[in-house]
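Observations on the three-dimensional arrangement
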Amino acid sequence: MAPMAVALILGWWLVAASRAQQLPRPSLLLHPSQRVSLGDTVTLRCHLPQPAAWVRLYMYQNATYIEQKDNVQDMAEFSLAEIKQADAVIYRCQYQGLAPAGISEKSDPVKLLVTDHSYPPPGISLSPEEHVEIGTNVTIRCWNNIDGVAFFLHKEGHSAPVQRQKLSAGGMASFTLFRVTPADSGTYRCSYRIWGCCLLFSPLGDNVTLIVIPRTAPPGDNGGPSRDLVAAVAGVCASAIVFIIVLTVSFLLVAQRRRMQTDERPGATSRSSETVQFQVSPGDSEGLIYAQLQAVTPSTHPHGTSTTPEPPTIYAEVGMGGPR
């Protein structure tokens, strides 16, 4: 009988544990969500994924809940009026579901950051100042007169600090923004926290404004890479044009030289005169008339040589009478 009872109890416990694992976790939000000061009123809202028999608010790492709301449909509100230093801690919430039944896991932790105006605000400086070029490393320094504090760097438009530095020595902290871009432009402030039991912070100090501008071209660089590309293309085009001109002139010179060589070959067209004589027998000279003719024979002189040819003479017999 006893083993059966143990088995039933164990089975019930396993079922309850599995149901608790299946229930979705709630979410806890602060209102107002920004940092509040001592004496303000803060509301913590626990949002539920389903109706619950109860909802409980816990301080972080504390097994005992500080407040409970019963029969909640979708959200439970917990108010902290006139908050004190002891209220500046971390909170979580949890619920017990109705259908299915079971207890959910606790929500993600939420920090209640409280400003204590009894602390003096920190100083701040920016190096290089304000207008810097893209890619520059920028240093923001924060300081105060209290040793052993943690500094926080805040940027306007961000609810949480963008950087933090724990336990700075000498009351100063340096935050570096490496290779800044236009997205880093904005207004920055510092705050600090004195280590202790609570999440108490100093007021925000004075602000500095960072403006990131495009990088200026170095002297002699008028246009950067795009201008270099245009110059390179222009140089290639100019070289191509010169090459075409040289090639054309060379072709014309070769053609002219070949034509001159053809004209200078021996026996081309030059001719000179020479005398050709026809002798006629004396017995046949009666009744003849002699005529002087010009004869042209090929010249053996080179082209262009100036010579004075002798007048050639040809004697021919021309019959004027009838047959004898």
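Anyway, here's the lowdown on the structure attached to this text. (Residues numbered from 1 in each chain as written. Predicted model: local features only at pLDDT ≥ 70, side-chain atom pairs only at ≥ 80, totals over all residues. Heavy atoms only, no water.)

Regarding the packing of aromatic side chains
- One pass over the full model with this rule turns up 4 aromatic pairs.
- With 6.2 Å between their ring centres and 75° between their planes, Tyr58 and Tyr65 make a pair best called edge-to-face.
- Given the relative accessible area of 4%, Tyr58 is considered buried.
- Seen in terms of ring centroids, Phe152 and Phe201 are 5.1 Å apart; in terms of plane orientation they differ by 65°. Their pairing is edge-to-face. Of the two residues, Phe152 sits in strand β14 (residues 149–155) while Phe201 sits in strand β18 (residues 200–201), which places them 49 residues apart along the sequence.
- Classification of Phe152 as buried rests on a relative accessible area of 7%.
- Since its relative accessible area comes to 5%, Phe201 is described here as buried.
- Among the aromatic residues, those joined into a ring-pair cluster are Tyr119, Phe151 and Tyr192.
- Over the ring of Trp54 we find Arg56, and its NZ or CZ is 3.8 Å from the ring centre.
- Seen from the ring of Tyr58, Lys106 lies directly overhead, with NZ or CZ sitting 4.0 Å from the centre. (Phe/Tyr/Trp six-rings, centres within 6.5 Å; stacked < 30°, edge-to-face > 60°. Buried < 20%, exposed > 50% of the residue type's maximum accessible area, 1.4 Å probe, protein only. Helix = DSSP H or I, 4+ residues; strand = E, 2+ residues; numbered from the N terminus. Lys NZ or Arg CZ within 6 Å of the ring centre and 35° of its normal.)

Notes on the sheet that holds strand β3 (residues 42–47)
- As summarised here, the arrangement of the 3 strands in space is β1-β3-β6, forming an open sheet in which the pairing is antiparallel. Each edge of the open sheet is held by one strand with a lone partner, namely β1 (27–31) and β6 (75–80). Within this sheet the neighbouring strands show an average axis-to-axis angle of 20°, counted without direction.
- As judged from the 6 bridges shared by β3 and β6, these two strands associate in the antiparallel manner. Following the sheet pairing, Thr43 is matched in β6 by Ser79. (Pairing = 2+ DSSP bridges. Axes fitted to C-alpha atoms, helices over the stretch in contact; angles between N-to-C directions.)

What to know about the layout of surface pockets
- By volume, the largest pocket is sized at about 840 Å³.
- In terms of lining, the largest pocket is formed by 32 residues, of which the most central are Arg35, Leu113, Ser159, Ala160 and Pro161.
- For the lining of the largest pocket, the secondary structure elements donating two or more residues are β9 (110–111), β14, β15 (163–168) and β17 (186–194).
- Tallied by class, the residues present in the lining of the largest pocket amount to 14 nonpolar, 10 polar and 8 charged. (1 Å grid on protein atoms, 1.4 Å probe; cavity = no way out; pocket = protein on both sides within 12 Å on 5 of 7 lines; lining within 4 Å. Points joined across faces, edges and corners; volume = space filled by probe spheres on them. Nonpolar A, V, L, I, M, F, W, Y, C, P; charged D, E, K, R; others polar.)

So, the side chain of Thr115
- Mapped onto the elements, Thr115 comes out in strand β10 (residues 114–115).
- Among residues more than four places away in sequence, those in contact with Thr115 are Arg35, Val36, Ser37, Leu38, Phe201, Ser202 and Pro203. (Contact = heavy atoms within 4.5 Å.)

Regarding the pairing of strand β5 (residues 65–72)
- Relative to β5, strand β4 (residues 52–59) runs antiparallel, the two sharing 6 bridges. Note that in β5 the partner of Trp54 across the bridge is Asp70.
- In this antiparallel pair of consecutive strands, β4 and β5, the connection spans 5 residues, and Gln61 shows a positive phi of 60°.

Remarks on the sheet that holds strand β16 (residues 172–177)
- What the 3 strands build is an open sheet, ordered β11-β13-β16; its pairing is antiparallel. Strand pairing shows two members of the sheet lacking a second neighbour, β11 (123–127) and β16, which therefore form its edges. Recorded for the sheet is a direction-independent mean angle of 20° between the axes of neighbouring strands.
- The sheet contact formed by β11 and strand β13 (residues 138–143) spans 5 bridges and is antiparallel. Looking at the pairing, Gly123 lines up with Trp143 of β13.

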